[in-house]
Amino acid sequence: MADMYQNELRARFGLDVELGGEVPDDPWMRQALMRRTHRRYSDQPVPEPLVRLLLAAAFSASSKSDFQQASVIWVQDRARRDRLAALIPDMPWIGTAPVFLVFLGDARRLEQLGEMRGHKQPNGALEGFFNAAVDAALALQTCILAAETLGLGTCPISVLRNHIKAVGEILVLPDKVFPVAGLCLGYPAQAGFVSMRLPLEATVHIDRYDDSGLAAAVDGYDRRRDSRHSIKDRQRAPERFGTTEFYGWSEDKARQQMTPEGVGFAAWLRARGFTFEEPR
């Protein structure tokens, strides 16, 4: 039936979504539509063979030109894990999750292959960085979906890049290897909630980019999201921005982006071999 996924779509977008015709009924699709982030985990350990299976799935993700420019660090040493967690005390799940992985963009390996085969070529241009970052992001998301298929919960940790110098030292990262995000992994201690997303009208474009309807789409989205999960009493930095009678997602994100993140990340990358120049 055409309305087969309407409960899941309404949970995700806060409104009815017209798919425009018949679609197959698939349990995994329902799961993907209802996926959620988990920050609290039960005491049940995640067996090492299962983690290795998830990593095998992660590295089955698509890779630009088969260059395979992603790596992961499975942080098992307690002291090293505690040092990472101490950098971000307001995210205690970094230290308490049963498993913590760090997904890396790895532009170093392709350079090493060139040296091994007598075709030396620097890989620090913008293309090298971008391809490695995307490869790592694809592996990260594939790991997330695989884990959720097996009943685990996950929480990506991109804020590691805000502490790049310390993270680089703790993980002993060589030149041209950089963190894209960490990933907490474990069996959820609670159900969590589905985070409402912008409507497809705001994110899906046909034939050409057209954001002429963005203001109306965002306004409606703000209202729907507020009716489900209001953040009016948690207005960001009121001493700087004041308070508003209606405080929605767009106001919150507009305020949040006024405080830059990843300060020092570009300089750290340049000091480790990335030029960001056009490839020659």
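Scroll up for the structure.
Residues numbered from 1 in each chain as written. Predicted model: local features only at pLDDT ≥ 70, side-chain atom pairs only at ≥ 80, totals over all residues. Heavy atoms only, no water.

A. Local environment of the overall build of the chain. From N to C terminus, the chain includes 13 helices and four strands. Dimensions along the principal axes, computed over C-alpha positions, put the chain at roughly 60 × 45 × 45 Å. Burial statistics for the chain: of 280 residues in total, 38% are counted as buried. A fraction of 74% describes how many contacts in the chain between residues 6 or more apart in sequence connect residues 24 or more apart. Working note: accessible area of the chain is about 16100 Å², and carbon and sulfur atoms make up 54% of it. Separation of charge centres in the chain, based on 35 positive and 36 negative side chains, amounts to 6 Å. (Helix = DSSP H or I, 4+ residues; strand = E, 2+ residues; numbered from the N terminus. Buried < 20%, exposed > 50% of the residue type's maximum accessible area, 1.4 Å probe, protein only. Contact = heavy atoms within 4.5 Å. Areas by Shrake-Rupley, 256 points an atom, 1.4 Å probe, with all protein chains shown as cover. Lys, Arg positive; Asp, Glu negative; His and termini not counted. Charge placed at Lys NZ, Arg CZ, Asp CG, Glu CD.)

B. Expanded view of the sheet that holds strand β1 (residues 70-74). In space, the four strands of this open sheet follow the order β1-β2-β4-β3, with antiparallel pairing throughout. On the outer flanks of this sheet lie β1 and β3 (153-157), each paired with one strand and no other. Taking the axes of each pair of neighbouring strands and ignoring which way they run, one obtains an average angle of 25° across the sheet. (Pairing = 2+ DSSP bridges. Axes fitted to C-alpha atoms, helices over the stretch in contact; angles between N-to-C directions.)

C. Expanded view of the nonpolar core. Judged by nonpolar contacts, the single largest core of 55 residues is most densely connected at Phe100, Leu101, Phe103, Ile157, Leu171, Phe178 and Cys184. Considering every element that reaches this core, the biggest residue donor is helix α7 (residues 126-149), with 10 residues. Not counting residues within four places of it along the chain, the set of residues in contact with Leu101 comprises Val51, Leu55, Val72, Ile73, Trp74, Cys143, Ala181, Gly182 and Leu183. In this structure, Tyr5, Leu9, Phe13 and Leu33 belong to the second largest nonpolar core, which totals five residues. (Core = buried A, V, L, I, M, F, W, Y, C linked by side-chain atoms within 4.5 Å.)

D. Spotlight on the pairing of strand β2 (residues 99-106). The buried count for β2 comes to eight of eight residues, which makes it a mostly enclosed element. A two-sided burial pattern is seen for β2, the buried positions comprising Val99, Leu101, Phe103 and Gly105 on one face and Phe100, Val102, Leu104 and Asp106 on the other. Direction of pairing for β1 relative to β2: antiparallel, over a ladder of five bridges. For Ser71, the partnering residue across the bridge sits in β2 and is Leu104.

E. Molecular detail of the state of the cysteines. If you walk through the whole model with that rule in mind, you get zero disulfides. Cys143 takes part in no disulfide bond, and the closest cysteine sulfur, belonging to Cys184, lies 12 Å away. Relative accessible area serves as the criterion here: at 0%, Cys143 is assigned to the buried category. With no disulfide of its own, Cys184 lies 5.4 Å from the sulfur of Cys155, the closest cysteine sulfur. (Disulfide = S-S within 2.5 Å.)

F. Representation of the packing of helix α3 (residues 48-58) against α7 within the structure. Put simply, α3 and α7 touch, their axes get as near as 8 Å, and they point 135° apart. The angle between the axes of α3 and α7 places the two elements in the oblique class. The two elements α3 and α7 cross, and the hand of that crossing is right-handed. Residues Leu54, Ala57 and Ala58 of α3 pack against Ala139, Thr142, Cys143, Ala146 and Ala147 of α7. Per-class residue counts for the contact of α3 with α7 are seven nonpolar, one polar and no charged. (Parallel < 35°, antiparallel > 145°, perpendicular 65-115°, else oblique. Left-handed = near helix turned anticlockwise from the far one by under 90°. Nonpolar A, V, L, I, M, F, W, Y, C, P; charged D, E, K, R; others polar.)

G. Spatial organisation of a nonpolar patch on the surface. Taken together, Leu126, Phe130, Val134 and Leu138 make up a surface patch of nonpolar side chains, about 330 Å² in accessible area. Structurally, the position occupied by Leu138 is in helix α7. (Patch = residues over 30% accessible without salt bridge, like charges linked within 9 Å, V, L, I, M, F, W, Y side chains within 5 Å. Salt bridge = Lys/Arg side-chain N within 4 Å of Asp/Glu carboxyl O.)

H. Summary view of the packing of aromatic side chains. Counting across every chain of the model gives eight aromatic pairs. Their ring planes at 80° and their centres at 5.3 Å tell us that Phe129 and Phe276 sit as a pair that is edge-to-face. Of this pair, Phe129 sits in helix α7 while Phe276 sits in the segment after α13 (265-270), and the two are 147 residues apart along the sequence. Overall, Phe129 belongs to the buried group, its relative accessible area being 17%. Judged by its relative accessible area of 23%, Phe276 falls in the partly exposed class. Linked through ring pairs, Phe129, Phe178, Phe265, Trp268, Phe274 and Phe276 together constitute an aromatic cluster. The positively charged end of Arg223 is found above the aromatic ring belonging to Phe246, 3.8 Å away from the centroid. (Phe/Tyr/Trp six-rings, centres within 6.5 Å; stacked < 30°, edge-to-face > 60°. Lys NZ or Arg CZ within 6 Å of the ring centre and 35° of its normal.)

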